[in-house]
Amino acid sequence: MKPETVLNADVRFTLNGKAVAWLGSPAAPLLDVLREGFGNTGVKCGCREGECGACAVILDGELVNSCMVAAGRASGAEIVTIEGYKNTPGFEILDRAFAGAGAVQCGFCTPGMILAAACILRNNPHPTTEEVRKGISGNLCRCTGYNAIVTAILAAAGEGEGKW
Amino acid sequence: MVSYLPQSLSEALELLASTGAIPYGGGTDLMVEGKNDASYLFLHKIPELGVIAGDADYIRIGASCTFTRVADHPLCPGILKEAILQIAAPAIRNLGTIGGNIGNGSPKADSALIFFVTGSRLRLVSKRGERIIPIKDFYLGRRSLDLRPGELIAEVLIPKMGYDRYYYRKVGARDALAISRLSFAGIIKTQGDRIVNLATAFGAVSDVIIRREDIDAMLIGKTLAEAKTVRDNYLAAYAEAIVPIRGRVSEKYRKRVCMNLLRDFLDTMNI
Ligand SMILES: Cc1cc2nc3c(=O)[nH]c(=O)nc-3n(C[C@H](O)[C@H](O)[C@H](O)COP(=O)(O)OP(=O)(O)OC[C@H]3O[C@@H](n4cnc5c(N)ncnc54)[C@H](O)[C@@H]3O)c2cc1C
Ligand code: FES
Ligand code: FES
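Residues numbered from 1 in each chain as written. Chains lettered and ligands numbered in written order. Predicted model: local features only at pLDDT ≥ 70, side-chain atom pairs only at ≥ 80, totals over all residues. Heavy atoms only, no water.

### Notes on the site of ligand 1
As a structural note, the neighbourhood of ligand 1 is formed by 36 residues, with Pro23(B), Gly26(B), Thr28(B), Thr97(B) and Asp110(B) the closest of them. Around ligand 1, the neighbouring residues derive from chains A and B rather than from a single chain. Note that an oxygen atom of ligand 1 is positioned 2.6 Å from one of the backbone N or O atoms of Pro23(B). Contacts to ligand 1 include Thr28(B), whose side-chain N or O atom sits 2.6 Å from an oxygen atom. Out of a free accessible area of 980 Å², ligand 1 has 94% covered by protein chains. Of all elements in the fold, only β2 (22–24), α6 (98–103) and β10 (152–159) of chain B reach the threshold of two or more residues within the shell around ligand 1. It is α6(B) that contributes the most residues to the shell around ligand 1, 4 residues altogether. Within the shell around ligand 1, the residues separate by chemical class into 18 nonpolar, 12 polar and 6 charged. (Near = heavy atom within 4 Å. Polar contact = N/O pair within 3.5 Å; in protein donor to acceptor, adjacent residues only side chain to side chain. Areas by Shrake-Rupley, 256 points an atom, 1.4 Å probe, with all protein chains shown as cover. Helix = DSSP H or I, 4+ residues; strand = E, 2+ residues; numbered from the N terminus. Nonpolar A, V, L, I, M, F, W, Y, C, P; charged D, E, K, R; others polar.)

The structure is reproduced here in structure tokens:
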């Protein structure tokens, strides 16, 4: 058997541009690995059932709920959390747009929401309101009623050409 | 516990036979169970399971293709894309796979409903070889599948023909993320005025998706006008065939919704 086939308490992947190794169970939820193993507490835990999107991260360029990913599934992958995305020009634009539209209240949903927004705009730099709503449909927000968030993402789209 | 990340199908089948690790597609069903010490066989690196291709008769979709890939792929039929785009939300569709949707054995599986109604086949592989069976034969009963030890779902084979027009409805509690409370798909192919193929399937009603070729046969071969004359008998046959299991939503309500959807399908298709 080739050595890369067996995942035995040594899962290697790239986290926010840095090579890391997870030494716990390959079946553990990536959510816990990121929060407890690597201190990325911007990844929030709202439900552990794939329903709320608070734990969303970007895996090889795609938005995924990290509670629905076993650590071993991330082997060899590139993971970006809000901690990593914070250092991008796209984040600056989204951050300003969210603040400007009053799209952040308690902030619990915000990291997942920002990453969802980044993925929407990367695939489709000029989305319609409907496309934005669909894109964030897996991200629950108890506070804002979503309109401010949609407004913020549309505003960011207007400003952020080429930055996603 | 050790997990495995095979790089080829033969390696995966070897491991499946020798270790008993659990096949892991996208994990969106498995992770809900939350078994931290499970031994998984991750399937996403296996090139053979990630292919979407067409041959003369079938569109073939590899088991580890995600919902997002299927929804974006030009070869995949419209009825399948429509059903898939109503599954959960992007962050689940980027993970969830076709093989997992079938492999969970649920009558609520939304892509499986489309494979039932289109008369699709499954290619199952093991170290010993492969077999191709109609999807209907794969579901034996409540959460019981004809998946033998050491076997993986490799591909779904969707017929290219037979569904010129389709009808799909999912009646759920919420738009996104709701596991369908009830779903219905109907397809029809006509030549001139004559029905050459017609099929219906009901999801999330019974232990297994309901697909009754014997009842649908009442309408096949008839002109639309002739089909209208047996419409009442056809509906009566389904009224008898649909026996909802007990669930959170009352059986009576679900049966009524099924019959309404079936009637609406016939109306839409001019029958
Ligand atoms: C929030 C949320 C919303 C959801 N909404 C919907 C919905 O609207 N409609 C719907 O249909 N489903 C829904 N689901 C369920 C789930 O996403 C789907 O069933 C999905 O298709 C499962 O695929 P997977 O690859 O993630 O499965 P996994 O979790 O990887 O596997 C599921 C089962 O199939 C087996 N398996 C996987 N691949 C193979 C293979 N190649 N051969 C043999 N066995 C295999 C596994 O061993 C396991 O038993 C939802 C789930 C969540 C968490
Ligand atoms: S914690 Fe992962 S989706 Fe809610
Ligand atoms: S701001 Fe509180 S959950 Fe969204």
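We are not done yet, so read on.
### So, the pattern of salt bridges
Residue and element names in this part refer to chain B. Following the criterion strictly, the structure yields 19 salt bridges over all chains and no others. Glutamate 33 is the salt-bridge partner of lysine 35, the closest N and O atoms lying 3.1 Å from each other. For lysine 170, the salt bridge identified is with aspartate 110, shortest N-O distance 2.7 Å. Of this pair, lysine 170 sits in strand β11 (residues 165–171) while aspartate 110 sits in helix α7 (residues 110–117); the two residues are 60 residues apart in sequence, bridging distant segments of the chain. Judged by relative accessible area, lysine 170 falls into the buried class, the value being 15%. Connected through shared salt-bridge partners, Asp55, Arg60, Arg123, Glu130 and Glu155 make up one network. (Salt bridge = Lys/Arg side-chain N within 4 Å of Asp/Glu carboxyl O. Buried < 20%, exposed > 50% of the residue type's maximum accessible area, 1.4 Å probe, protein only.)

### Quick look at the pairing of strand β5 (residues 62–65) of chain A
All names here are of chain A. Relative to β5, strand β4 (residues 56–59) is paired through 4 bridges, and the arrangement is antiparallel. Paired with isoleucine 58 across the bridge in β5 is leucine 63. Remark: 2 residues form the turn of the hairpin made by β4 and β5, two consecutive strands paired antiparallel; aspartate 60 in that turn has positive phi of roughly 45°. (Pairing = 2+ DSSP bridges.)

### Quick notes on the domain arrangement of chain B
Residues and elements named next belong to chain B. Looking at the assigned domains, one finds that chain B contains domain 1 (2–159) and domain 2 (166–268). With centres defined by C-alpha atoms, the gap from domain 1 to domain 2 works out at 25 Å. On the domain 2 side, the residues contacting the 23 residues of domain 1 number 25 residues. Contact between domain 1 and domain 2 buries roughly 2000 Å² in total, counting both sides, with carbon and sulfur atoms accounting for 66%. Looking only at domain 1, the three residues that lose the most surface to domain 2 are Pro107, Leu113 and Val117, adding up to 30% of its buried area. Remark: the boundary between domain 1 and domain 2 carries 1 salt bridge. (Domains from an automatic or database assignment. Contact = heavy atoms within 4.5 Å. Buried area = accessible area lost by both parts, 1.4 Å probe.)

### Section: helix α1 (residues 30–37) of chain A
Restricting attention to buried positions, one finds in α1(A) the residues Leu30(A), Leu31(A), Asp32(A), Val33(A) and Leu34(A). Of the residues flanking the end of α1(A), it is Gly39(A), one or two places downstream, whose phi is positive at about 65°.

### Some thoughts on the domain arrangement of chain A
Residue and element names in this part refer to chain A. As far as domains go, chain A holds domain 1 (9–81) and domain 2 (88–159). Placing the centre of domain 1 and that of domain 2 at their C-alpha centroids yields a distance of 22 Å. Listed as interface residues are 16 residues of domain 1 and, on the opposing side, 10 residues of domain 2. Summing both sides of the interface, domain 1 and domain 2 together bury roughly 960 Å²; the carbon and sulfur share of this comes to 67%. Summed over the shared surface of domain 1 and domain 2, the number is 3 residue pairs in polar contact (both at pLDDT 80 or more). Element by element, the count of residues in the side of domain 1 that touches domain 2 is highest for β4, at 3 residues. In terms of residue class, the side of domain 1 that touches domain 2 is built from 8 nonpolar, 5 polar and 3 charged.

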